[in-house]
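One-letter residues, chain by chain:
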Amino acid sequence: MIRIAKAAGLATALGLVSQLALAGSAAGLWKTIDDETKQAKALVQINEAPNGELTGKVIKLYLHPDAVCDKCDGANKGKSVNGMQILWGLKKSGEEWSDGQILDPKSGKIYTSGAKLMDDGKKLRVRGYIGPFFRTQVWERQQ
């Protein structure tokens, strides 16, 4: 009986540590939610480098799985959005990440970007900026 109680206590402690780790890191799998339609658009895998810098890549498209980036420039022009890196260079700054870039595959435009964890790490506020104007999406963490 004592072993079961210890195992249950250990499992609870590990779960708490796992939740605390999620609350401080944006690394993981995120469902993107369109700020205009409120529909799920894609799954993005975000990775965090040892220096705290974030990058993100589309790993699944929901609405248009065969979409290509027709309006992109350079190496991304005409490439599948599925598998495309759309987020890079975000640097940790206190409780947020900033000074990165995000690609909008629909328009082909690249914006200055920032991100901040919300709701104990369950949501990620992602912003793209052009000058004083910005667009915000709230992405949902997937387990």
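Remember, it's a predicted structure, so these values are computed and weren't measured experimentally. (Residues numbered from 1 in each chain as written. Predicted model: local features only at pLDDT ≥ 70, side-chain atom pairs only at ≥ 80, totals over all residues. Heavy atoms only, no water.)

### Digging into the overall build of the protein chain
From N to C terminus, the protein chain includes one helix and eight strands. Secondary structure of the protein chain in N-to-C order comes out as α-β-β-β-β-β-β-β-β. With 143 residues in all, the protein chain has 31% of them scored as buried. Long-range contacts, defined here as pairs at least 24 residues apart, represent 38% of the contacts in the protein chain between residues at least 6 apart. Counting every atom, the protein chain has about 8,900 Å² of accessible surface; 57% of that belongs to carbon and sulfur. (Helix = DSSP H or I, 4+ residues; strand = E, 2+ residues; numbered from the N terminus. Buried < 20%, exposed > 50% of the residue type's maximum accessible area, 1.4 Å probe, protein only. Contact = heavy atoms within 4.5 Å. Areas by Shrake-Rupley, 256 points an atom, 1.4 Å probe, with all protein chains shown as cover.)

### Digging into the side chain of Ser113
If you trace the backbone, Ser113 turns up in strand β6 (residues 109-118). Look at Ser113 and you get buried, because its relative accessible area is 1%. A distance of 3.0 Å separates a polar atom in the side chain of Ser113 from the backbone oxygen of Arg127. Setting aside anything within four residues of it in sequence, one finds Ser113 in contact with Leu87, Leu90, Ser98, Asp99, Gly100, Gln101, Ile102, Val126, Arg127 and Tyr129. (Polar contact = N/O pair within 3.5 Å; in protein donor to acceptor, adjacent residues only side chain to side chain.)

### Re the sheet that holds strand β7 (residues 123-130)
In space, the eight strands of this closed barrel follow the order β1-β2-β3-β4-β5-β6-β7-β8, with antiparallel pairing throughout. Taking the axes of each pair of neighbouring strands and ignoring which way they run, one obtains an average angle of 30 degrees across the sheet. Looking at chain direction, strand β4 (residues 85-93) and strand β5 (residues 96-104) are connected through five bridges and run antiparallel. When the sheet's bridge partners are listed, Ser93 is paired in β5 with Glu96. (Pairing = 2+ DSSP bridges. Axes fitted to C-alpha atoms, helices over the stretch in contact; angles between N-to-C directions.)

### Observations regarding the side chain of Asp104
Along the chain, Asp104 falls in strand β5. Taking relative accessible area as the criterion, Asp104 reaches 16% and is therefore assigned buried. A distance of 3.0 Å separates the side chain of Asp104 from the backbone nitrogen of Lys106, its partner in a polar contact. Those residues in contact with Asp104 that sit more than four places away from it in its chain are Lys109, Tyr111 and Arg135.

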